[in-house]
Each structure stands twice: as structure tokens, then as C-alpha cells.
Amino acid sequence: MSSPLSAALRPRMSKPDWLASPKTLRTEVLAGLVVALALIPEAISFSIIAGVDPGVGLFASFTMAVVISVVGGRKAMISAATGAIALVIAPLNREHGLGYLVAAVILAGVFQIILGALGVAKLMRFVPRSVMVGFVNALAVLIFMAQVPEMRDVPWAVYPLVVAGLALMVFFPKVTTVIPAPLVSIVVLTVITVAAGIAVPSVGDKGELPSSLPVPGLPDAPLTMDTLTTVAPYAFAMALVGLMESLMTAKLVDDITDTHSNKTRESVGQGVANIVTGFFGGMGGCAMIGQTMINVRVSGARTRLSTFLAGTFLMVLCIVFGPVVSDIPMAALVAVMIMVSVATFDWHSIRPRTLERMPLGETLVMATTVVVVVTTHNLAIGVVVGTIAAMVVFAKRVAHLANVSGVVDPDGKQVVYSVTGELFFASSNDLVYQFDYKNDPDDVVIDLSGTHVWDASSVAALDAIETKYAQRGKKVTIVGLNEPSADMHQRLAGQLTGGH
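Bear in mind that the values here come from a model prediction, so they are computed numbers and not experimental data.

Asker: Got a minute to help me understand unusual backbone geometry in this structure?
Answerer: Among all residues save glycine, negative phi is the norm, and among peptide bonds the norm is trans. Of note in this structure, aspartate 153 is not a glycine but carries a positive phi near 55°. For aspartate 153, the position within the fold is in the loop between α6 (129-147) and α7 (158-175). Judged by relative accessible area, aspartate 153 falls into the exposed class, the value being 78%. The residue aspartate 258 is not glycine, and still its phi comes out positive at about 55°. By secondary structure assignment, the location of aspartate 258 is in the loop between α9 (225-257) and α10 (263-279).

What follows is the structure, given as C-alpha cells:
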């Protein structure tokens, strides 16, 4: 007979989900390998954007992926060095050096832990679907745009190689899905270019790969208040951008996999991963949407193992197989990312039939999000602007839902106005003008049983209505308030104008 303690511990001792079957294990291992191969050139590119040595970006990708695979709240999501983070911290590195950058990464991790503990993840509920669709479509556009420079001013052989890579990823799954098509494409194109001696840009052209593991240490910056005030603004901006991208990516993976993730744990986990990355001299990072799509949507990974192995394989490939990895043609990785771009874009959202049925406001919000993200190359800014636009559209739509209808008693001594809809700052502005102050009888009843008073603007509007009637010697009685509305009205009525 088992004890209560053993029963409580049993779920924790269950077999990891990646050991559920040999097929699952194979999928996770191969997905991690594909992601690691795709991470190398991107991490190097982001290092260049930040103005640091390629090893700094590669080390950050390694530590972020490995740590988040343990402490993160979203299985199968890939975190590593990203372009958004690189853009935020590049000015700090340029003006003060790598020591200050690393200090900012550690402080950003502390900020993320604090924000996570304060429940910042709950703000995701305010991001509407139209913004999410715009976010996904903008992401697909950015992924494709990032490949364009790799196809500009290059040898002609690059183009047939990209086409061949795309063809392999489209048709190989029809033969078998045992091995991920992106991995097959990378291996085949590498063998062709090396065996035939085709001179095309390769991973090695992006920068030198590290030859040893990162060593932990303290940032090379003085521990003074001046240092803190210098790095704090960059660290806070990095924390916000990192959390925004990570939480949006987690929500996207939730939708793709039909599973729920722990957003608070993910927020705190991002902070822990950045602190660890900082102490190992990395440039920090957050969730990588493109690599996550490779892992989840293209390769079919669903567990933490793929994330862990992506980071592990990254270091193994750089340190042990550096010369081989350096020979991978960029055309192969460009083809993979183009396929990711096509798979990520929500094509249904731009079909003529969908656009005809969708409210114009929703479509405008989606388009606004896409335009801002593509223009700024910053997913976080696009989401914020898109969400604000959605709120404006929503407020404009519901502002006209507050209706007033009046019925005068047969004896003409009393009028009863029934108000329906929601009363808040947008709808209450028009409320004042829907009463006949001049011609109404002396006894006026306003029935609010069909509405809810949400804010001080609505209470101020009711005060104004009472004042206008009082100026004509008429009495107003407000009835039907629900409990929260009555409480707000009781606290604020007559207190919102300076002269009264």
C-alpha cells in the first residue's frame, strides 16, 4: 500500500515525454540538429549587428537554449541570440564596450525575473487575434527579407541551389518523414557543393567558429552607481523586448500545438537564462520565432529535449565539426528559412473571401501590425502599436452601443429613460445629448439596469445630466444600478468638478 507521500511524488517520477516512443525521441534529436545548423549563421549575423565577436553570439545561443530548456515555461520553444536584442544593445557596446554589454545582459535578466514575478505575462490576454495574425504575417515577411541579402550579388550557382533545396523540402516528405526534410536538404546541398567544387558563400564566410567552450566570469565593468545608471536603460529595454517576443512566440506555439504553456514561468525563465548567459560572456537573447517554427512546425518537435539539443549540438558542431559546418552553403540555409517563411504566413488571412467577411477594423489592425513590424524590424513595437490600434477600433465600435429611450407617463408628470449598453469614456460623451432637458416633465427617472458604469467619465456624464435638469428646476432619480456601478457612482458622484 503506497503512502500519501509516494503518491504525491509519483507524477514527478514519470517518464519524460521525449521517451514516450522511439519515433518521438528521433524527431526531437533530428529537430535539435536542424535548428542548431540554422542557428550558427544567424547567431554570427546577430553578433555582427551587436558589434561583438561571433563567439559572443554563439555562446549566447548555446547557454540560452540549454538553460531555457530546463527553466522555461513553453516546451519546444527555441531561445538564443536574436536580432531584436542585438539592435537594443548595439549602441551600449559601441559606446562603452563588451563589459558594459554583459553587465546589461545580467541586469536585464534580473528585470525579467521581477517582471515575471509581478505577472507581466497576464498582459498577453489584451493582445487580440488580429494583432497575433499581423504578428505572424510580419514575422514571415521579416524571415523572407532576411534571406534577400544572401541572394544578392552572389554567384549564379546560388539560385539553382536554393531552388533545389526548396524542391527537396517540398517533395522529400512525400517519400518519408523519418528524417526532417530541412536536414536532408542541408546535407545534400553541402555534399554537392563540396564534391563538385562549386564556389558559393558558405557558413565559414560569416565568421570564425569558436574552438572551445565558454568560461564563466564577471563582466569587465566597474561595480559603481555610474555603471548601473549607464546600463539600466538598455537592460530594461532589452528585458521588455525579450519578454514581448518570447511571450508572443509562446502564444503562437500554444496555438500550433493545441497545448497551454506557463507564461509566468517562461518570463522568469528568460531572466534566469539571460543571467547565466551574461556570466558566460554572451550577448543575451530571447525566444527565436524563426528557429522555433523550424523546430515545431517544420520538424515536428514537441518537448524540451529538442531545445536542449539545439544548444548542445550548436557547440558540438562549432567545436568538433567546425571545418565541416563551415562548408555548408548559405544557399541551403536560405532555402530552409524561405520554407519557414512560407509555412509561417497565415495565407488564409489574406484570401479575398476572408477579407470580405472580416470587419474592416480587424483587417486594418492586422495590416497596421504588419506595416509597423516590417518598417521598424521590431516585433515588439509592432505588437504594441497593433494592440493600441485594436483598442481604438474597439472603443470606437462600442462607443455607439449605449442607447437611450424615453417613455413619458400617460399623465405627463414623469418620464422614464432606459439606458442600455456599456458606459465608459467613449460612449458617455454622447450620453449627455440624448435627453430632452427643455421639454421633459419635472420628474425624470434614468433606469440604468441595462448598462454598466465602467469609469469616472460615465459618472461625470451622469452628473452633467443631473445638473442640466436641476438648472431647469427638474428632479432626476437614477435607478437600476448594479452593485459595482452603484459603488462607483456613490463614491464619485458630485466629486468630479473642481467648483462643486
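After presenting the structure, the write-up continues.
Asker: So what exactly am I meant to see when it comes to the pattern of salt bridges here?
Answerer: Any two side chains of opposite charge can pair, on the condition that their charged atoms come close. Per the counting criterion, the structure on display carries three salt bridges. The salt bridge involving arginine 74 is made with aspartate 254; its shortest N-O contact spans 2.6 Å. Within this pair, whereas arginine 74 is found in the loop between α3 (54-71) and β1 (79-80), its partner aspartate 254 is found in helix α9, the two being separated by 180 residues in sequence. Considered together, arginine 74 and aspartate 254 belong to a single accessibility category, that of buried residues. Among the charged side chains, a salt-bridge network with shared partners connects Arg74, Asp254 and Lys263.

Asker: Can you walk me through the packing of helix α11 (residues 289-298) against helix α14 (residues 330-344) in this structure?
Answerer: Each pair of packed helices can be summarised by the angle the axes make with each other and by the distance between the axes. Interhelical geometry of α11 versus α14 gives an angle of 75° and a closest axis separation of 10 Å. Put simply, α11 runs roughly perpendicular to α14. Seen from α11, the contacting residues are Gly290, Gln291, Met293, Ile294, Arg297 and Val298; seen from α14, they are Val336, Met337, Val340, Ala343 and Thr344. Residues that form the contact of α11 with α14 fall into these classes: seven nonpolar, three polar and one charged.

Asker: Can you walk me through the pairing of strand β4 (residues 414-423) in this structure?
Answerer: Successive side chains on a regular strand alternate, one facing one side of the sheet and the next facing the other. Judged from the six bridges that link them, strand β3 (residues 403-408) and β4 form a sheet pairing that is antiparallel. Across the sheet, valine 404 pairs through a bridge with valine 419, a residue of β4. Hairpin connection of β3 to β4: five residues between the antiparallel strands, including glycine 412 at a positive phi of 75°. Strand direction decides the pairing type here: β4 and strand β5 (residues 443-453), joined by nine bridges, are parallel. The residue bridging leucine 423 from the neighbouring strand is valine 453, located in β5.

Asker: Hey, could you run me through the sheet that holds β3 in this one?
Answerer: In a beta sheet, neighbouring strands are held together by backbone hydrogen bonds and run either parallel or antiparallel to one another. Pairing within the open sheet is mixed, and its four strands lie in the order β3-β4-β5-β6. Both edges of this open sheet fall to β3 and β6 (475-479), since each of them pairs with a single strand only. Sheet twist, expressed as the mean angle between neighbouring strand axes with direction ignored, is 20°. Direction of pairing for β5 relative to β6: parallel, over a ladder of five bridges.

Cut-offs applied
Residues numbered from 1 in each chain as written. Predicted model: local features only at pLDDT ≥ 70, side-chain atom pairs only at ≥ 80, totals over all residues. Heavy atoms only, no water. Helix = DSSP H or I, 4+ residues; strand = E, 2+ residues; numbered from the N terminus. Buried < 20%, exposed > 50% of the residue type's maximum accessible area, 1.4 Å probe, protein only. Salt bridge = Lys/Arg side-chain N within 4 Å of Asp/Glu carboxyl O. Axes fitted to C-alpha atoms, helices over the stretch in contact; angles between N-to-C directions. Parallel < 35°, antiparallel > 145°, perpendicular 65-115°, else oblique. Contact = heavy atoms within 4.5 Å. Nonpolar A, V, L, I, M, F, W, Y, C, P; charged D, E, K, R; others polar. Pairing = 2+ DSSP bridges.

Purely spatial values, then, with no claim about function.
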